[in-house]
Amino acid sequence: MTVKNINERKTAPYRFDNVGSFLRPLRLKEARDAFAKNTISAEELKSVEDEAIEELIEKQKEIGLKAITDGEFRRSWWHLDFMWGLEGMEKVEVDEGYQFAEVETRAESARLTGKLGGSGHPFIEHFKFVNQFADDEVIARQTIPAPAQFLAELLRPDNREATEKIYPNEEELLEDIAKAYQTFIKELYDAGCRNLQLDDCTWGMIVDEDYWKNMAGDFTVESLSRKYVGVNNKAIEGAPEDLVITTHVCRGNYRSTWASSGAYDKVADILFGEENVEGYYLEFDTERAGGFESLSKVSGDKVVVLGLISSKVPELEDKEEIKGRIEEAAKYIDKDRLCISPQCGFASTEEGNNLTEQEQWAKLELVKEIADEVWGK
């Protein structure tokens, strides 16, 4: 007789999980560069992407991941490519990139050209490609930037004028963001998606003291938190019950550097108590994310995926130390509601973090070993 493992999770998030993006193989980087220089066609680029994604999916299955993604291989950025695909948006070059620790990113953004809409997004076809490889053992996951992240992009100094010209009333802007996402989510669901992840760095900004030094306007941590949770909740309102929606929160991930610091405490009541998601993928790999005390604010039966393994560095963490940190977290939230993953993807942008593909897979093997030892295979 087979004894059922009561700790095994049958739906996302899973005990052993991953945030989404993977290091781009060299031939994919070369193909994207060739396409940018107009030396290969879009069809030729897609062929390389398709092949690289198929190989990536096989590796994800081999290592034991229950949720597969395309590794964001068709994207340049974790967030901007999605925004560029919405109706009423355009890709623009701006004066300055995002400021990370000791480095500045490429200076690109997404700007409004008209009223927003979410139909016919290219990510739908991207998802369909991945979903053909789903089976009884694995599901296909789609990752996109959270509505709050999109709002923050539209209101950054480079874009605010264009945004306010088209949406002088912010409430109308929030409503149309939500509607665009609702349209996308419906089309994604109709394409077969049952697991959607909303990536959201806005919370890392809010808890960072330096962010407020540069923040103009009459805002507070609470007012901004409520605005962000409000637009996120409105966007997923009415989503099908069997669509598992989660969110990932981090403090920036670009070429192994970070953008912000601060514990979750200031936003825990609203983020963990009021956002209507089923799980949180949370950065906890360094002291910049603070302690686990705020996990006591995670409401209902929501699940927390502890991002205890760093995707930024090649060195492997000490297994026993990580297991000890899981026990520490379990003082504030039932261990049955915990899972483990890297703190972020391995390549939030196509440049990728400073480690090799072999080191990337070793990181995930470590995550799986820890999950198996803590919760059982």
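Residues numbered from 1 in each chain as written. Predicted model: local features only at pLDDT ≥ 70, side-chain atom pairs only at ≥ 80, totals over all residues. Heavy atoms only, no water.

- Looking up the protein chain in an unreviewed UniProt entry gives the name Methionine synthase II (Cobalamin-independent), with the organism given as Salinicoccus halitifaciens.

A few points about the overall build of the protein chain
Right, so step 1: If you tally the helices and strands in the protein chain, you get 13 helices and 12 strands.
Right, so step 2: Computed over C-alpha atoms, the radius of gyration of the protein chain comes to 20 Å, within 12% of the 21 Å expected from 2.2 N^0.38 for 377 residues, which places it in the range of a compact globule.
Right, so step 3: Taking the principal axes of its C-alpha atoms as reference, the protein chain extends roughly 65 × 50 × 45 Å.
Right, so step 4: In the protein chain, once contacts between residues fewer than 6 apart in sequence are set aside, the share between residues at least 24 apart is 78%.
Right, so step 5: When the accessible surface of the protein chain is summed, it comes to about 16,300 Å², and 47% of that surface belongs to carbon and sulfur atoms.
Right, so step 6: Taking the average location of the 47 positive side-chain charges in the protein chain and that of its 76 negative ones, the two points are 2 Å from each other. (Helix = DSSP H or I, 4+ residues; strand = E, 2+ residues; numbered from the N terminus. Rg over C-alpha atoms; globule rule 2.2 N^0.38 Å. Contact = heavy atoms within 4.5 Å. Areas by Shrake-Rupley, 256 points an atom, 1.4 Å probe, with all protein chains shown as cover. Lys, Arg positive; Asp, Glu negative; His and termini not counted. Charge placed at Lys NZ, Arg CZ, Asp CG, Glu CD.)

Concerning the packing of helix α12 (residues 319-329) against helix α13 (residues 357-375)
Right, so step 1: Interhelical geometry of α12 versus α13 gives an angle of 55° and a closest axis separation of 10 Å. As the angle between them shows, α12 and α13 are arranged oblique. Seen along the crossing, α12 lies across α13 with a hand that is right-handed. Of the residues in α13, those touching α12 at Lys319, Ile322, Lys323 and Ile326 are Leu366, Glu369, Ile370, Glu373, Val374 and Trp375. (Axes fitted to C-alpha atoms, helices over the stretch in contact; angles between N-to-C directions. Parallel < 35°, antiparallel > 145°, perpendicular 65-115°, else oblique. Left-handed = near helix turned anticlockwise from the far one by under 90°.)

Digging into the nonpolar core
Right, so step 1: In terms of nonpolar packing, the biggest core is built from 99 residues, with Leu116, Phe150, Ile177, Leu282, Leu295, Leu306 and Ile340 touching the most fellow members.
Right, so step 2: Of all hydrophobic cores here, the second largest spans 5 residues; its members include Val19, Val303, Val305 and Cys339. (Core = buried A, V, L, I, M, F, W, Y, C linked by side-chain atoms within 4.5 Å. Buried < 20%, exposed > 50% of the residue type's maximum accessible area, 1.4 Å probe, protein only.)

Remarks on the sheet that holds strand β11 (residues 303-309)
Right, so step 1: Read from one edge to the other, the open sheet built from 6 strands follows the order β7-β8-β9-β10-β11-β12, with strand pairing classed as parallel. Taken across any chain shown, the strands that pair with only one partner, and hence form the sheet edges, are β7 (142-145) and β12 (338-342). Strand-to-strand, the axes of this sheet are offset by a mean angle of 25°, without reference to chain direction.
Right, so step 2: Pairing of β7 with strand β8 (residues 195-200) involves 4 bridges; the strand directions are parallel. Residue pairing for β8: Gln142 is matched across the bridge by Leu196. (Pairing = 2+ DSSP bridges.)

Examining the pairing of strand β5 (residues 108-117)
Right, so step 1: With 7 of 10 residues buried, β5 is to be regarded as a mostly interior element.
Right, so step 2: Across 6 bridges, strand β2 (residues 87-93) lies against β5 in antiparallel orientation. Pairing of Val92 across the sheet is with Ser109, part of β5.

A look at empty space enclosed by the protein
Right, so step 1: A full pass over the atoms with the stated rule returns 1 cavity of 30 Å³ or more.
Right, so step 2: What the largest cavity holds in volume is close to 60 Å³.
Right, so step 3: Taken together, Thr69, Asp70, Glu72, Arg75, His126, Phe127, Val130, Arg141, Gln142 and Thr143 make up the lining of the largest cavity.
Right, so step 4: Looking at the lining of the largest cavity, the elements that each hand over two or more residues are α4 (122-131) and β7.
Right, so step 5: A class-by-class count of the residues in the lining of the largest cavity yields 2 nonpolar, 4 polar and 4 charged. (1 Å grid on protein atoms, 1.4 Å probe; cavity = no way out; pocket = protein on both sides within 12 Å on 5 of 7 lines; lining within 4 Å. Points joined across faces, edges and corners; volume = space filled by probe spheres on them. Nonpolar A, V, L, I, M, F, W, Y, C, P; charged D, E, K, R; others polar.)

Brief notes about the state of the cysteines
Right, so step 1: Applying the stated criterion across every chain yields a total of 0 disulfides.
Right, so step 2: Among the cysteines around Cys193, which has no disulfide bond, Cys339 carries the closest sulfur, lying 18 Å off.
Right, so step 3: Looking at Cys193, the relative accessible area reads 0%, which means it is buried.
Right, so step 4: In this structure Cys201 is not part of a disulfide, and its nearest cysteine sulfur, from Cys250, lies 3.8 Å away. (Disulfide = S-S within 2.5 Å.)

Concerning helix α7 (residues 170-190)
Right, so step 1: Between its first and last C-alpha atoms α7 spans 30 Å; for 21 residues at 1.5 Å apiece the expected length is 30 Å, and the two agree.
Right, so step 2: Among all positions in α7, only Leu173, Leu174, Asp176, Ile177, Ala178, Ala180, Tyr181, Phe184, Ile185, Leu188 and Tyr189 are buried.
Right, so step 3: Where α7 begins, the capping side chain belongs to Asn169, and its oxygen is found 2.8 Å from the backbone nitrogen of Glu171.
Right, so step 4: Immediately downstream of α7, the backbone of Gly192 shows phi near 115°, a positive value. (Expected span 1.5 Å × (residues − 1). Polar contact = N/O pair within 3.5 Å; in protein donor to acceptor, adjacent residues only side chain to side chain.)

Digging into the packing of aromatic side chains
Centre-to-centre distance and the angle between the planes together describe a pair of aromatic rings.
Right, so step 1: Scanning the model with the defined rule gives 12 aromatic pairs in all.
Right, so step 2: Judged by centre distance (5.1 Å) and plane angle (20°), the ring pair of Phe22 and Trp361 falls under stacked. You can see Phe22 sitting in the segment before α1 (26-36) and its partner Trp361 sitting in helix α13, a full 339 residues away along the chain.
Right, so step 3: Given a relative accessible area of 0%, Phe22 falls into the buried group.
Right, so step 4: Here Trp361 falls in the buried class, since its relative accessible area comes to 12%.
Right, so step 5: Here the aromatic cluster, defined as three or more aromatic residues joined through ring pairs, consists of Phe82, Phe123, Phe150, Tyr181 and Phe184.
Right, so step 6: A cation sits over an aromatic face here: Arg74 above Phe129, 4.9 Å from the ring centre.
Right, so step 7: Lying across the ring of Tyr189, Arg194 places its NZ or CZ 3.6 Å from the centre. (Phe/Tyr/Trp six-rings, centres within 6.5 Å; stacked < 30°, edge-to-face > 60°. Lys NZ or Arg CZ within 6 Å of the ring centre and 35° of its normal.)

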